[in-house]
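Coordinate analysis (summary)
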Amino acid sequence: NNENSVPQLLIRDLKFEKKSLAKLMFSPDQENHPSKAPVKYGELIVLGYNGSLPNGDRGRRKSRFALFKRPKANGVKPSTVHIACTPQAAKAISNKDQHSISYTLSRAQTVVVEYTHDSNTDMFQIGRSTESPIDFVVTDTVPGSQSNSDTQSVQSTISRFACRIICERNPPFTARIYAAGFDSSKNIFLGEKAAKWKTSDGQMDGLTTNGVLVMHPRNGFTEDSKPGVWREISVCGNVFSLRETRSAQQRGKMVENETNQLQDGSLIDLCGATLLWRTAEGLARTPTVKHLEALRQEINAARPQCPVGFNTLAFPSMKRKDVVDEKQPWVYLNCGHVHGYHNWGNKEERDGKDRECPMCRSVGPYVPLWLGCEAGFYVDAGPPTHAFSPCGHVCSEKTTAYWSQIPLPHGTHTFHAACPFCAHQLAGEQGYIRLIFQGPLD
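Residues numbered from 1 in each chain as written. Predicted model: local features only at pLDDT ≥ 70, side-chain atom pairs only at ≥ 80, totals over all residues. Heavy atoms only, no water.

Moving on, we get to the confidence of the model for the protein. Looking at the protein, the pLDDT average stands at 87 and 86% of residues meet or exceed 70. Here residues 1-32 is a poorly scored stretch, pLDDT under 50, and it has five contacts once near neighbours within four places are set aside; other chains count. Low pLDDT (under 50) marks residues 147-151, which in the prediction has seven contacts with non-local residues, meaning those over four places away or in another chain. (pLDDT = per-residue confidence, 0-100. Contact = heavy atoms within 4.5 Å.)

Looking at the element boundaries, Tyr115 is found in strand β5 (residues 110-118). Relative accessible area serves as the criterion here: at 6%, Tyr115 is assigned to the buried category. Between the C-alpha atom of Tyr115 and that of Ala92, which follows or precedes it by 23 residues, the distance is 9.4 Å. Leave out the neighbours within four places in its chain, and Tyr115 touches Val76, Lys77, Pro78, Ser79, Gln98, His99, Ser100, Ile101, Arg164, Phe182 and Cys236. (Helix = DSSP H or I, 4+ residues; strand = E, 2+ residues; numbered from the N terminus. Buried < 20%, exposed > 50% of the residue type's maximum accessible area, 1.4 Å probe, protein only.)

Reading across from one edge, β2-β1-β17-β16-β13-β14-β15 is the order of the seven strands in this open sheet, with antiparallel pairing throughout. The open sheet is flanked by β2 (64-68) and β15 (239-240), the only strands paired with a single partner. Pairing between strand β1 (residues 40-46) and strand β17 (residues 274-279): five bridges, direction antiparallel. Residue pairing in the sheet places Val46 in a bridge with Leu275 of β17. (Pairing = 2+ DSSP bridges.)

On to the pattern of salt bridges, then. Applying the stated criterion across every chain yields a total of 14 salt bridges. Linking Asp269 and Arg246 is a salt bridge whose minimum nitrogen-to-oxygen distance equals 2.7 Å. Taken together, the residues Asp269 in strand β16 (residues 267-269) and Arg246 in the loop between β15 and β16 connect sequence positions 23 residues apart. Grouping residues by exposure puts Asp269 and Arg246 together as buried. Overlapping salt bridges, with partners in common, bring together Lys40, Glu43, Arg64 and Glu374 in one network. (Salt bridge = Lys/Arg side-chain N within 4 Å of Asp/Glu carboxyl O.)

A few words now on the sheet that holds β5. Spatially, β3-β5-β4-β10 is the arrangement adopted by the four strands of the open sheet, whose pairing is mixed. Edge positions in the sheet fall to β3 (75-83) and β10 (187-190), since each has one partner strand and no second. Between one strand axis and the next, the sheet turns through 20° on average, direction left out of account. Inspection of the sheet shows strand β4 (residues 99-104) paired to β5 by six bridges, in the antiparallel sense. Note that in β5 the partner of Ile101 across the bridge is Val113. (Axes fitted to C-alpha atoms, helices over the stretch in contact; angles between N-to-C directions.)

Another aspect to go through is helix α5 (residues 289-301). Here α5 spans 18 Å end to end across 13 residues, near enough to the 18 Å set by a 1.5 Å rise per residue. Taken together, the buried positions of α5 are occupied by Leu292, Leu295, Arg296, Ile299 and Asn300. Viewed along the axis of α5, the buried residues span an arc of 135°, placing them on a single side of the element. For α5, the exposed residues set more than 90 degrees away from the buried face come down to Lys290, Glu298 and Ala301. Each element contacted by the buried residues of α5 is listed here: β22 (370-371). In the segment just after α5, Arg303 is the residue with positive phi, at about 50°. (Expected span 1.5 Å × (residues − 1). Arc of directions from axis to C-beta.)

Put into structure tokens, the structure is as follows:
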């Protein structure tokens, strides 16, 4: 009878339907903010890869890994300490649901520290193992391995369970790094040979075989960045000066006034691979791949020419970053003059690598130029005017200047600067060169 009541009922039903749908679509956390993206703590980017692994990124094995807030906290914190040989210690080790760290002091004595659930933190584990506790699988970086070899080096120096990063689930989402990760039985074992000790407050701590090194840059990760000092991080997250060699029994001195808190631009070295930590805020200020693509198009639009063949040069698209293109720019690394590929000055008596520049007669290596495509390595959004030597990866002047000053760990006791895009050791006085284009660009 009441005509108005029918539409009202329908409308009420529709509203109810919508609400139920919303409930199905969003987690309780998102219901009030349907557009809320998951919180990103930051990203880890492996040095030596120019945007992706040679065979492409697959699953947990890729060149960069984003850490997002987990649906449910999985962090742990230390709780009970058992002196070995007690039934409780054996139980803690054998309990598959109980995280624990075992410090073997001698055949007769082991100290077991139980870890309990921490609802305020998320844990992410990094290592060489492909077992499920590892979130990000990292293999040894071979300099210049843009080739398609998926062979893992037989004697990897990266630990199977290398390190763990613990992120606070609440702002400011602080991320901290610790040496060693928990295995499939939720245990960390520090054997007899591992460096370990009792701290002043009676707790145990130790170092892993090849160690986890961290360097925090000074002035953040910006165009004003300066390299910091490399430190070693212990299993409990304390900071130490470096050991004499990576696996020396004697630990370095404890550095009281420094912490294991990661900053934007912190470098983490796992003895075989180095990772760059970028915070979510830092990445928001970094040039995007779109921006790099726009810079590439801008350079190509200026139609730089080869001063010998007068042909127009062009940087290949980011997707074709491994195949030398016929229009590819080449550079004489001693002077920076950019050419197209030609056979000029290829003197037989030279060892094949060195060539004479037709512009200025300086003799040196002659290599193709490649754009640096991994945006996370850039300290600014400047134009691609400089190239690393001897690999020819091109990026902004401030980016080449920054990476050329950073001593990256190499082997067990040496350090050298390397190109972040391919991990090749830098050569020459500066490690990079200003590019001199012929034509309207210069």
